[in-house]
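Structure at a glance
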Amino acid sequence: MASLRFVFLFLLISFSASAQKDYKLWLQYNAVSNSALALEYKNNLKGIVVFGNSETIKIAQKELQTGFQDMLGTIPEIKSEIKGENNLIIGSQSNLNVEIKNELKSDFDKISTEGFIIKSFSFKSKKQIIITGKNDVAVLYGVFNFLRILQTNKSVKNLNIADSPKTNIRILNHWDNLDRTVERGYAGFSLWNWQKLPDFIDQRYLDYARANASIGINGTVLTNVNANALILTPQYLEKVEALANVFRPYGIKVYLTARFSAPIEIGNLKTADPKDTQVINWWKNKAAEIYKRIPDFGGFLVKANSEGQPGPQNYGRDHVDGANMLADAVAPFGGVIMWRAFVYSEHDANDRAKQAYAEFQPYDGKFKENVIVQVKNGAIDFQPREPFHPLFGAMPKTPLMMEFQITQEYLGFSTHLVFLPKLFQEVLESDTYQQGKGSTVAKVIDGTLYQNKLTGIAGVANIGNDLNWTGHPFAQANWYGFGRLAWNPYLDSETIADEWLKSTFSNDENFIKPVKNMMIESREAVVNYMTPLGLHHIMDTGHHYGPGPWVSNLSRPEWNPTYYHKADKNGIGFDRSKTGTNATAQYAPEVERLFDNLETCPEQDLLWFHHVSWDYKLKNGQTLWNGLALKYQEGVNQVNEMQNVWKKTEKYVDSVRFHEVEMLLEIQYKEAKWWRDACLLYFQQFSGKELPTGVEKPTQTLDYFKSLKFPFAPGNG
Ligand code: GCW
């Protein structure tokens, strides 16, 4: 009996230790197993000298202590002055002594206010390492980057790093509702416990801020873009203030979504017309009230006149009127307005993919300077693959920020392993040609193409109160990768995967190599088993879980999958070329030609831009029908291969995470087959052709797949 109890206790302890691993994200700080390297670290880190004593600096110091304790098993001595050699010196420029400041003068010239320096240098002819920047938050960024050097087992000899973020606003968009449900959230409920705030500060808030700071995220929009005006009432602002106070030392600013009709709903006004003096004053006063509580409040994110949300058009005004009115309200306090360009209307018969460009492009140059227009990566809606949004590069006089979706609304929720930095990178690297060759989306976003001062990248968060934050252990990599790309949109997704794996699991190359490869392939796998060759928006209604290419009964035509794939006896695909809706004309001529011409259109975007016959010859010689079917099968095979890779990792991974991923991959495999079978059976009705050799027979009938209903699928309000 006693021994049984002991076994149980042991299991419990090892389970919770392992569960904590999940919770610790990429900040595992695993012990350095390479003894030569551990010795090198210890020899170079004999003492820590700290300049400054702000909250932020204390956090930085504590982080170093935790990191060294966990990775090296010892904490270097904390010294009050630089004595001896091989110290790690941390502190911001203004807190350093004159000699060091002078010594590093040219380094400081290389960095922006948020940039950091990590450098091996000599002070009074003694070797030291310094981590510095122009303010304490920059030092904190430097500290996390320094710890990453250790986590990824790189040498700390001869360091010489000067790194600054390439965008100003690096922000998470939480689609979190006040009742703690999360729109398109698949990792539990919202982190924000509004009921217990402001008095109860959950440890999660601190851990969230720490994780974000570690990857350079400097802003968070706490509330859903489908906004509730109540967040702007004193009762809630007090709670927002409490969160802002927690996040501030980590360099994270709080932003809110502004419901355009708030002056009516909570202000007792009769209108929300942006030209009405009372409305204008209401927003000015509201801004003043917020800034009184939160002096560094970031500003508002607004979804207006989109999918039923109120906006200036309700009063015969336009997006410019609405955005500029709010911009004036926050301008005196240094706030910004992030105005979303995600608009399409059921009253517009135009191709949905054309509507945002058609509406916003003519506004170029008309927004106030503290407005930034937030554009989704593609023209429809966060599909597994979309060509880049034609607005990028097409508004030279307007700052545009990128909106990526980290939460996997259309990519298998938090059940499928999909490494999104690969998708993000593909978009950022796309060439808009708006200023000739090399005018990449990344250059639009970081402001270098048109010299914009205001720049930013937003990611719709995949975070909830699940023990592991993101539902799938590998979905943590998407949060991490988003942050890294927001800091530097030119980073390679392979580098990101490498860093993340090493910081999260292990440095063993036998583990890293295959698993990194699996991550990199995972994005194409999901495209293949869901929407190959440019197909898009063929998921089931409302919750968007699983396939629904047959859906055609929704009130708005552009909500129906049949609107997007247009499969018929003659073929499949949406003709957006000049013989169709001419959406291609929204791109620069070079890109327009590329997409418009069937010969040059990349096959991965084929059915996005063209309606082609079932017998159309693909580049590999297959007919379209056979090629499509084989792509679906390839996707399924890829998931199967991911399972094989993962099975071999057992000895490198703790048992909890190993089994979690193993089970999730099994679901992903099942669901990949479901997508393949449902889509192929449905399209086969039109093609009238047999499945080619190599494609497995469907396990169920089309009617069976059509009969599946998921009234309680998560994330759907
Ligand atoms: O992706 C779609 C989602 C909606 C979302 C909308 C948007 C917040 O299905 O849930 O609403 O886009 O981005 O505004």
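Fair warning: this is a prediction, and the values are worked out from it, not measured in the lab. (Residues numbered from 1 in each chain as written. Predicted model: local features only at pLDDT ≥ 70, side-chain atom pairs only at ≥ 80, totals over all residues. Heavy atoms only, no water.)

Right, let's talk about the UniProt feature "active site" (unreviewed entry) in the protein for a bit. The UniProt record marks Glu307, Asp381 and Glu409 with the feature "active site" (unreviewed entry), using the residue numbering of this structure. Note on Asp381: relative accessible area 6%, which makes it buried. Setting aside residues no more than four positions away along its own chain, Asp381 makes contact with Phe342, Arg352, Lys376, Glu386 and Tyr410. Within the secondary structure, Glu409 is located in the loop between β13 (400-405) and α13 (421-429). Ignoring sequence-local partners within four residues, the contact set of Glu409 consists of Trp175, Arg184, Tyr186 and His544. A polar contact is formed between the side chain of Glu409 and the side chain of Arg184, at a distance of 3.1 Å. (UniProt positions renumbered as here; feature names shortened; annotations may be inferred. Buried < 20%, exposed > 50% of the residue type's maximum accessible area, 1.4 Å probe, protein only. Contact = heavy atoms within 4.5 Å. Helix = DSSP H or I, 4+ residues; strand = E, 2+ residues; numbered from the N terminus. Polar contact = N/O pair within 3.5 Å; in protein donor to acceptor, adjacent residues only side chain to side chain.)

Below, the discussion takes up the site of the ligand. The environment of the ligand is made up of 15 residues, and the closest members are Glu183, Lys303, Lys376, Asp381 and Glu409. The side chain of Glu183 places a nitrogen or oxygen atom 2.4 Å from an oxygen atom of the ligand. The side chain of Glu409 places a nitrogen or oxygen atom 2.5 Å from an oxygen atom of the ligand. Computed on the free molecule, the ligand has an accessible area of 340 Å², of which 97% lies beneath the protein chains in the complex. Across the shell around the ligand, the residue classes tally to four nonpolar, three polar and eight charged. (Near = heavy atom within 4 Å. Areas by Shrake-Rupley, 256 points an atom, 1.4 Å probe, with all protein chains shown as cover. Nonpolar A, V, L, I, M, F, W, Y, C, P; charged D, E, K, R; others polar.)

Another point: the sheet that holds strand β10 (residues 299-302). Taken in spatial order, the eight strands of this closed barrel run β7-β8-β9-β10-β11-β12-β13-β14, and their pairing is parallel. Strand-to-strand twist of the sheet, defined as the mean angle between neighbouring strand axes without regard to direction, takes the value 25°. Taken together, the four bridges between β10 and strand β11 (residues 336-340) define a ladder with parallel strand orientation. When the bridges of β11 are listed, Phe300 appears paired with Ile337. (Pairing = 2+ DSSP bridges. Axes fitted to C-alpha atoms, helices over the stretch in contact; angles between N-to-C directions.)

On to the pairing of β13. Of all six residues that make up β13, six are buried, and the element is covered over most of its length. Residues Leu400, Met402 and Phe404 point to one face of β13 and Met401, Glu403 and Gln405 to the other, with burial holding for every one of them. Here strand β12 (residues 371-376) pairs with β13 via four bridges, running parallel. Looking across to β13, one finds that Val373 is bridged to Leu400. As judged from the four bridges shared by β13 and strand β14 (residues 456-460), these two strands associate in the parallel manner.

Turning our attention to the sheet that holds strand β5 (residues 126-133). What the six strands build is an open sheet, ordered β2-β1-β3-β5-β4-β6; its pairing is mixed. Two strands lie at the open edges of the sheet, namely β2 (77-79) and β6 (160-163), each paired on one side alone. Strand-to-strand twist across the sheet, computed as the mean angle between neighbouring axes with direction ignored, equals 25°. Relative to β6, strand β4 (residues 116-123) runs antiparallel, the two sharing four bridges.

This next bit is on the nonpolar core. Grouped together as the largest cluster of nonpolar side chains are 224 residues, with contacts concentrated most on Phe146 and Phe683. Not counting chain neighbours up to four residues away, the residues in contact with Phe146 comprise Leu45, Leu64, Phe68, Leu88, Ile118, Ile129, Ile131, Val156 and Leu159. Core analysis: the second largest hydrophobic core is formed by 13 residues, Leu96, Ile100, Leu104 and Phe121 among them. (Core = buried A, V, L, I, M, F, W, Y, C linked by side-chain atoms within 4.5 Å.)

Before going further, it helps to examine the UniProt feature "domain: Glycosyl hydrolase family 67 catalytic" (unreviewed entry) in the protein. When the UniProt feature table is mapped onto this chain numbering, "domain: Glycosyl hydrolase family 67 catalytic" (unreviewed entry) sits at residues 150-469. Annotation note: span residues 150-469, helix share 26%, strand share 13%, distance between end C-alpha atoms 24 Å.

Our focus in this paragraph is the environment of Ala567. Mapped onto the secondary structure, Ala567 falls in the loop between α18 (561-565) and α19 (589-596). The spacing of Ala567 and Asn158 is 409 residues in sequence and 61 Å in space, taken between C-alpha atoms. In this structure Ala567 touches Ile572, Trp614, Phe683 and Phe686, once residues within four positions along its chain are discounted.

Bringing the pattern of salt bridges into the picture now. Taken as a whole and assessed by the stated rule, the structure comprises 33 salt bridges. The partner of Asp107 in a salt bridge is Lys119, with the nearest N and O atoms 3.1 Å apart. Separated by 12 residues along the polypeptide, Asp107 in helix α5 (residues 105-110) and Lys119 in strand β4 bring together distant segments of the chain. Take Asp107 and Lys119: they sit in the same class, and that class is buried. Of the charged contacts, one joins Asp615 and Lys689 as a salt bridge, the two residues approaching to 3.0 Å between their closest N and O atoms. Placement of the pair is Asp615 in the loop between α20 (606-609) and α21 (624-647) and Lys689 in the loop between α22 (655-687) and α23 (702-707), with a sequence separation of 74 residues. In this structure Asp615 comes out as partly exposed when scored by relative accessible area, which is 46%. Through salt bridges with shared partners, one network takes in Arg385, Glu426, Arg523 and Glu524. (Salt bridge = Lys/Arg side-chain N within 4 Å of Asp/Glu carboxyl O.)

Below, the discussion takes up the pairing of β14. The element β14 is extensively covered by neighbouring structure, given that five of its five residues are classed as buried. Along β14, one buried face is formed by Gly456, Ala458 and Val460 and the opposite face, lined by Ile457 and Gly459, is buried too.

A separate point is the packing of helix α15 (residues 476-487) against helix α16 (residues 493-504). Two numbers describe how α15 lies on α16: the axes approach to 10 Å, and their chain directions differ by 130°. In terms of orientation, α15 lies oblique with respect to α16. Seen from above, α15 lies across α16 with right-handed handedness. For the pair α15 and α16, contact is made by Gln476, Ala477, Tyr480, Gly481, Arg484 and Leu485 and by Ile496, Glu499, Trp500 and Thr504, respectively. By residue class, the composition of the contact of α15 with α16 is five nonpolar, three polar and two charged. (Parallel < 35°, antiparallel > 145°, perpendicular 65-115°, else oblique. Left-handed = near helix turned anticlockwise from the far one by under 90°.)

Looking at the protein, the domain boundaries give domain 1 (22-163), domain 2 (169-492) and domain 3 (528-574 + 611-707). One C-alpha centre belongs to domain 2, the other to domain 3; they are set 31 Å apart. Taken together, both faces of the contact between domain 2 and domain 3 bury some 2100 Å²; the carbon and sulfur share is 60%. Three residues stand out in domain 2 for area buried against domain 3, namely Tyr410, Thr415 and His416, and they jointly supply 24% of the buried area on that side. The partner of Arg556 in a salt bridge is Glu346, and the shortest N-O contact between them spans 3.4 Å. Here domain 2 and domain 3 share 12 residue pairs in polar contact (both at pLDDT 80 or more) between them. Looking at side-chain class alone, the side of domain 2 that touches domain 3 contains nine nonpolar, nine polar and six charged residues. (Domains from an automatic or database assignment. Buried area = accessible area lost by both parts, 1.4 Å probe.)

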